[in-house]
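# Reading the structure
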Amino acid sequence: MERRKAIFMKKSVSRPEAGSRSTFLDFLPLLRRRERPASAYFLFFAAALVIPVLLFASLTAWTHVRAEQARAIERAQALAHELSAAVDRELAGPRLVMEALATSEDLQRGNLQAFHRTAAAVADALGVTIVVRAPGEPRQLLNTSVPWETALPLPNPAIADFDRQVLQEKKPVVTNIIVGPLHKRLLAAVIVPVLREGDVIYLLAVGIPVERLQPVFSDVRLDEGWLAAIVDSKGMIAARSIYPEAFVGKQAPFDWVSHAAGRDGLWRGHNLQNVEVVAAYARSSDTNWFATVTVPISLLNAPIWKALATLSAIGVLLLSLSVALASWAASHLTRAVGALRNAALELEKNERVSAVATPVREINEVGRVLASAATEAQRREAHLRSILATVPSSMVVIDSRGRIQSFSATAEKLFGFTASEVSGENVSILMPEPDRSAHDGYIQHYLNTGERRIMGKGRVVLGRRKDGSKFPVELYVGEAEVKGEKLFTGFLQDLTEKHRVEQELRQTQKMEAIGKLTGGVAHDFNNLLTVITGNLEMLEAKVDGKCRVFVEEAQEAADLAAQLTSSLLAFGRRMPLDPQLADIGELVSTSSELLRRTLGETIVVRTGVRSGCRAVVDAGQLKNAILNLAINARDAMPKGGILALEVSKAELDQDYALDHPEVRPGQYALITVSDTGTGMPAEVREQAFDPFYTTKPQGSGTGLGLSSVYGFVKQSGGHVALYSEVGQGTAVRIYLPLVTDKREEAPEGAAAPSLPKGSGELVLVVEDDERVRRVTVSRLMQLDYKVLEASNGPEALSILERTPAIQLLFTDMVMPGGMSGADLAAVSSKRFPEIPVLFTSGYAAPEIAVQAGARVSSWLRKPYTVADLATTLRRVFGKEDRARKLDDATKWT
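Rules and cut-offs
All residue numbers refer to position in the chain's written sequence, counted from 1. Only residues with pLDDT of at least 70 get local features here, since the model is predicted, and only at 80 or more are side-chain atom pairs given and counted; chain-wide, interface and lining totals rely on the full set of residues. Side-chain calculation: all heavy atoms of the structure are included, whereas hydrogens and water are not. Segments assigned H or I by DSSP are reported as helices when at least four residues long, segments assigned E as strands when at least two residues long, and all are numbered from the N terminus. Partly exposed describes any residue whose relative accessible area lies between the buried limit of under 20% and the exposed limit of over 50%, with all areas from a 1.4 Å probe on protein chains only and scaled to the type maximum. Residue contacts are defined here by distance: any two heavy atoms, one from each residue, within 4.5 Å place the two residues in contact. Computed with a 1.4 Å probe, the accessible areas rest on the Shrake-Rupley method; for each residue, only the protein chains presented here act as cover. This arc is built from the directions going out from the helix axis to the C-beta atoms. In this description, a nonpolar core means a group of buried Ala, Val, Leu, Ile, Met, Phe, Trp, Tyr and Cys residues linked to one another through side-chain atoms lying within 4.5 Å. By the convention used here, strands pair only if DSSP detects at least 2 bridges between them. In this description, a line fitted to the C-alpha atoms serves as the axis of each element, helices being fitted only across the stretch in contact, and the angle between N-to-C directions of two axes falls anywhere from 0 to 180 degrees. Any two of the Phe, Tyr and Trp rings considered here, Trp counted by its six-membered ring, make a pair once their centres fall within 6.5 Å; the pair's planes then place it as stacked at under 30 degrees, edge-to-face at over 60, or tilted in between. Only when the NZ atom of a Lys or the CZ atom of an Arg is both within 6 Å of the ring centre and within 35 degrees of the ring normal do we say a charge sits over the ring. What pLDDT conveys is the predictor's confidence in a given residue, as a value from 0 to 100. In this scheme, roughly parallel covers angles under 35 degrees and roughly antiparallel covers those over 145, while 65 to 115 is roughly perpendicular and the rest are oblique. Less than a right angle of anticlockwise turn of the near helix away from the far helix marks a crossing as left-handed, whereas a clockwise turn marks it as right-handed. Think of it as three bins: nonpolar holds Ala, Val, Leu, Ile, Met, Phe, Trp, Tyr, Cys and Pro, charged holds Asp, Glu, Lys and Arg, and polar takes everything else, Gly as well. Residue count minus one, scaled by 1.5 Å, sets the expected span of a helix. We count a salt bridge whenever a side-chain nitrogen from Lys or Arg sits within 4 Å of a carboxyl oxygen from Asp or Glu. Like charges within 9 Å and nonpolar side chains (Val, Leu, Ile, Met, Phe, Trp, Tyr) within 5 Å are joined into patches, using only residues over 30% in relative accessible area that form no salt bridge.

Quick look at the overall build of the protein chain now. When its secondary structure is counted, the protein chain shows 26 helices and 27 strands. Of all 893 residues assigned to the protein chain, the portion counted as buried reaches 41%. Expressed as a percentage of contacts within the protein chain between residues at least 6 apart in sequence, the contacts between residues at least 24 apart total 61%. Total accessible area on the protein chain stands at roughly 49,100 Å², and carbon and sulfur atoms take up 56% of it.

Given below as structure tokens:
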């Protein structure tokens, strides 16, 4: 009985592991929580009444079901013994017949032919095959399945072991399942020794087809789903109660064979159909075969599931009734607590707290306190929000470990991170080195010593944006303590614009101061030169030929000094000018002819002039300025290059004037002198307009060329801008106030022409300067375009790969990182030839992009107005539309 229980429990029940108590608690989260709703206690009370009853009923049902399972296994064992006895009876008949034939006189005398007739008659009557073999010899002497004197097959080698057993024991033996050598049928052979005076003279064997064993199952009553089988001592199936044709002759499961060898008992495992079963088996003492009765585990467990279903239904009914009663008892308190909870949630969401009115006095009092606290909190928050909205500073709050707790919207714009990206991160991600590595040490030093280095004081530090760029900020840090945790609040003010304006102001003041100084010096020096040249002229008339050469050299030096003072006067804006209304295009065209002859064959001069560009200017000084710029360009192109002179109308709007305080917004005649030379590094650009500053070898220049141009343009009421980049070239732009014909001006009160807008086309903007990129994106969106943005070439190529809907690439020419705008456009034209390219730059010429192999759809020079941008975009998209229509027409033709 105990062994039967162990077999059944082998896989159904597992040994409890260490820590099983906590695993059980995992299924009861309510018991582990420190805080529970009030209604939960009533539910616990109801469960405490119902669960013990259910546990007792479950234990009773479990005991009953286990007893039923044990009885089923006992019945299976009894059936196995019954089957084993039936097999013995089935094989006993042929064995007795063989024992009788073994005493035949014909066989004793060795008259096998006469015995063949007798044996054949018996074999036909029984439906079996009788064979006579000589002991110890692997051949048949007689076989009733074939006529006498017919050639006989060799016996199955598997029978040799049983032959030796018969010769040794001299008594009948039943073999395992073998394959008949003649008809290849599965047989069970009964071998009987033929004795003469105690010696075995023949082996008489009868082959019984295994299908003769199938009827034994009709005498055994099996329950539904049970299975019985007859298995030989080697584990081969001889008969099976279900689907014998599919399984007879196959090997029983190896686990069962190794377990059941030589004994009776129970086995649990998977049968040949991979069904988990319990098998009861009994071994025959006569044949050494096994009779098995297998019961699927699912049938044994079915009563358990049925009992569980019944108990679950009863438990749900009882528990539902208990819950209903508990809920009825707790309804008043639950509603009261729920109202208080709702008020607390409204307070948490910063909403207006509703009045709490319940039958419970204490809860009503708590509700009134909550409502008062909510009103005060909302008032304070509104006040704080108004302060933060008014103050342009960014706010960052960190804890004592440097982790970011709060990140204002202004800080998001300043650093380029979103609040979700930096929340919980160390604040050092907003700092460049060395502060980045040392910041945590600063905090720890303050916490340990209380020494204030920045706390409560303002100081200028460097910040680091998401893209890695650095910028100056003014930082103020305050300290607070919340629930024993120190919090530090930093207010940051971006100083980038302030520093830039201060730098430009210092540059302007420096140029003004130098201009006044040089102008004063030149004026006085001119007086001295007047005396010198006058005396030299008088002296020249009185000296003879031998000394005249010295006077002429002195006169030439005085003339050169006069030219130098003229340049100084121009820079100091004290050059006497003769401003007249002039057509700037004509002046530049005239100058270009002179420049072609002056600069030499290696310099290609290209001119682009727009008519109607008139300004009040000293024509001679303007030509002199253009000549100065052309000579500088020639010197920057020692191996030759392109010098471009362009005249156009330009508008400097309010945005440009904000960045350049000395400029007044308005219409200007723009003269652009650009080259494809070596360009200037940043440190040279910053001093380019300074007088006497030159990068040429000593004796090759005075350093007054650009400074005199600067002074002349300023004296003429204009503006000059320099754009240059190493390896890309230089462009100098001269803006002179445009004089418009009254007839060309729009009549007073006329509406300004509307800007041409887009139709939702997707434009990719590539610009490394974040400020310029932000303005460009804003203008494009204002013109109804969809915009994607990138800060460098590789990032732009990545976006182009991912976004096939892009219709225009709008890129700056010069960008850091090794890939210029021309390089980007060249790669884009190869990979995405259908996407046009719009270039913009302050100094590079379109020819550079063409030389790089890029497809230049249009060119927009910085600075440009929103009107310039709108017009250029429509021109580009209009050109693309016409190209597509021409393409389609070509395909149709």
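Now for helix α23 (residues 793-802). Buried residues of α23: Gly 793, Ala 796, Leu 797, Ile 799 and Leu 800, and no others. Summarising the axial view, the buried residues of α23 lie within an arc of 160°, below the 170-degree limit, and thus occupy one face. Buried residues belonging to α23 abut β23 (762-766), β24 (786-790) and α24 (821-831).

Attention shifts here to the side chain of Thr 776. Checked against the element boundaries, Thr 776 lands in helix α22 (residues 770-782). Accessibility expressed as a relative area gives 6% for Thr 776, which makes it buried. The residues touching Thr 776, leaving out its near neighbours within four places in the chain, are Val 765, Phe 810 and Tyr 864.

Considering soluble globular proteins, one finds that nonpolar side chains tend to be buried as a cluster. Ile 130, Val 132, Leu 204 and Trp 289 are the most contacted members of the largest nonpolar core, which has 53 residues in total. For this core, the element with the most residues is helix α4 (residues 38-101), which contributes 11 residues.

Attention now goes to the pairing of strand β6 (residues 227-231). Within β6, five of the five residues are buried, which leaves the element mostly enclosed by the surrounding structure. Relative to strand β10 (residues 290-296), β6 runs antiparallel, the two being bridged by five bridges. By the bridge assignment for β10, Ala 228 is matched with Val 293. Note that β6 and strand β7 (residues 237-240) share three bridges and pair antiparallel. Looking at the pairing, Ala 229 lines up with Arg 240 of β7. Here β6 folds back onto β7 in antiparallel fashion, the turn holding five residues, of which Gly 235 has a positive phi close to 95°.

With seven bridges connecting them, strand β13 (residues 458-464) and strand β14 (residues 470-482) associate as antiparallel partners. Bridging across to β14, Val 461 finds its partner in Val 473. What sits between the antiparallel neighbours β13 and β14 is a turn of five residues, in which Gly 468 has the positive phi angle 95°.

Here we take up the sheet that holds β13. With antiparallel pairing, five strands are arranged side by side in an open sheet as β12-β11-β15-β14-β13. Every interior strand has two partners, whereas the edge strands, β12 (404-407) and β13, have only one. Averaged over all neighbouring strand pairs, the angle between strand axes comes to 35°, with direction disregarded. Both strand β11 (residues 394-399) and strand β15 (residues 485-494) contribute to a ladder of six bridges, which runs antiparallel. For Ile 398, the partnering residue across the bridge sits in β15 and is Phe 488. Packed on one face of the sheet, helix α14 (residues 435-449) meets β11, β13, β14 and β15 and runs near 130° to β15.

This structure, assessed with the given rule, holds five aromatic pairs. Ring centres of Phe 407 and Phe 415 lie 6.2 Å apart, and the angle between their planes is 45°; on these two criteria the pair is classed as tilted. A centroid spacing of 6.1 Å and a plane angle of 85° characterise the contact between Tyr 668 and Tyr 735, whose relative ring orientation is edge-to-face. Highlighted residues: Tyr 668 in strand β20 (residues 666-675) and Tyr 735 in strand β22 (residues 729-737), separated in sequence by 67 residues. Overall, the relative accessible area of 6% leaves Tyr 668 in the buried class. Grouping aromatic residues by their ring pairs yields a cluster made of Phe 407, Phe 415 and Phe 471. Cation over ring: Arg 240 sits above Phe 247, and NZ or CZ is 4.0 Å from the ring centre.

It is worth spelling out the sheet that holds β6 at this point. If you walk across this open sheet you meet the five strands as β7-β6-β10-β9-β8, and the pairing is antiparallel. The outermost strands of the open sheet, each flanked by one partner alone, are β7 and β8 (265-270). Strand-to-strand twist in this sheet, taken as the mean axis angle between neighbours without regard to direction, amounts to 25°.

It is worth spelling out unusual backbone geometry at this point. Trans peptide bonds make up the majority, and among non-glycine residues the majority have a negative phi. Residue Glu 433 is joined to Pro 434 through a cis peptide bond whose omega torsion reads 5°. As for its placement among the helices and strands, Pro 434 is situated in the loop between α13 (419-422) and α14. A positive phi is found at Glu 149, a non-glycine position, where the angle reads about 65°. Within the fold, Glu 149 resides in the loop between β2 (140-143) and α7 (160-169). Residue Glu 149 is classed as exposed on the basis of its relative accessible area, which comes to 71%. One non-glycine residue, Tyr 243, lies in positive phi territory at about 50°. Mapping Tyr 243 onto the fold places it in the loop between β7 and α8 (244-247).

Looking at the protein chain as a whole, its pLDDT mean stands at 76, while 76% of the residues score no less than 70. When the elements of the protein chain are averaged for pLDDT, helix α2 (residues 20-26) gives the smallest value, 41, and β23 the largest, 94. Low confidence marks residues 1-28, where pLDDT is under 50. Its contacts with residues over four positions away, or in another chain, come to 31 contacts. Across residues 848-854, confidence stays below pLDDT 50; counting only partners more than four residues off in sequence or on other chains, it has 19 contacts.

Okay, the packing of α23 against α24 next. It is at 10 Å that the axes of α23 and α24 come closest, and there the two elements cross at 20°. By the angle between their directions, the pair α23 and α24 is classed as roughly parallel. Handedness of the crossing formed by α23 with α24: right-handed. On the side of α23, the interface is formed by Gly 793, Ala 796, Leu 797, Leu 800 and Glu 801, while α24 contributes Leu 824, Val 827, Ser 828 and Arg 831. When the residues that make up the contact of α23 with α24 are grouped by side-chain class, the tally is five nonpolar, two polar and two charged.

Take helix α6 (residues 112-126) next. Three or four residues apart is the spacing at which side chains of an α-helix point the same way, because the helix has 3.6 residues per turn. The end-to-end C-alpha distance of α6, which contains 15 residues, comes to 20 Å, matching closely the 21 Å that a straight helix rising 1.5 Å per residue would cover. Buried within α6 we find Leu 112, Ala 114, Phe 115, His 116, Ala 119, Ala 120 and Ala 123. Remark: Gly 127 follows α6 within two positions and exhibits a positive phi of approximately 75°.

A word on the pattern of salt bridges. Tallied over the full model, the rule gives 15 salt bridges. Between Asp 494 and Arg 465 there is a salt bridge, and its shortest N-O distance comes to 3.9 Å. Taken together, the positions of Asp 494 in strand β15 and Arg 465 in the loop between β13 and β14 put the pair 29 residues apart, joining distant regions of the chain. Given the relative accessible area of 13%, Arg 465 is considered buried.

We now examine the packing of helix α17 (residues 584-599) against helix α18 (residues 619-635). The interhelical angle for the contact between α17 and α18, taken along N-to-C directions, is 40°, at an axis separation of 10 Å. Judged by the angle between their axes, α17 and α18 are oblique. The way α17 lies across α18 gives a crossing that is right-handed. Here Ile 584, Leu 587, Val 588, Thr 590, Ser 591, Leu 595 and Leu 599 of α17 lie close against α18, whose contacting residues are Ala 619, Leu 622, Lys 623, Ile 626, Leu 627, Ala 630 and Arg 634. Here the residues of the contact of α17 with α18 sort into 10 nonpolar, two polar and two charged.

Attention now moves to the environment of Phe 491. As for its placement among the helices and strands, Phe 491 is situated in strand β15. Taking the C-alpha atoms as reference points, Phe 491 and Glu 474, 17 residues apart in sequence, are found 8.1 Å from one another.

Taken together, the side chains of Val 53, Ile 314 and Leu 318 define a hydrophobic patch exposed on the protein surface, amounting to about 230 Å² of accessible area. Structurally, Val 53 is set in helix α4.

The next point concerns the environment of Val 173. Considering the arrangement of structural elements, one finds Val 173 in strand β3 (residues 173-179). Residue Val 173 is classed as buried on the basis of its relative accessible area of 7%. With 114 residues separating them along the chain, Val 173 and Thr 287 place their C-alpha atoms 7.3 Å apart. Sequence-distant contacts of Val 173, that is, excluding residues within four places in its chain, are made with Phe 162, Gln 165, Val 166, Ala 189, Val 190 and Ile 191.

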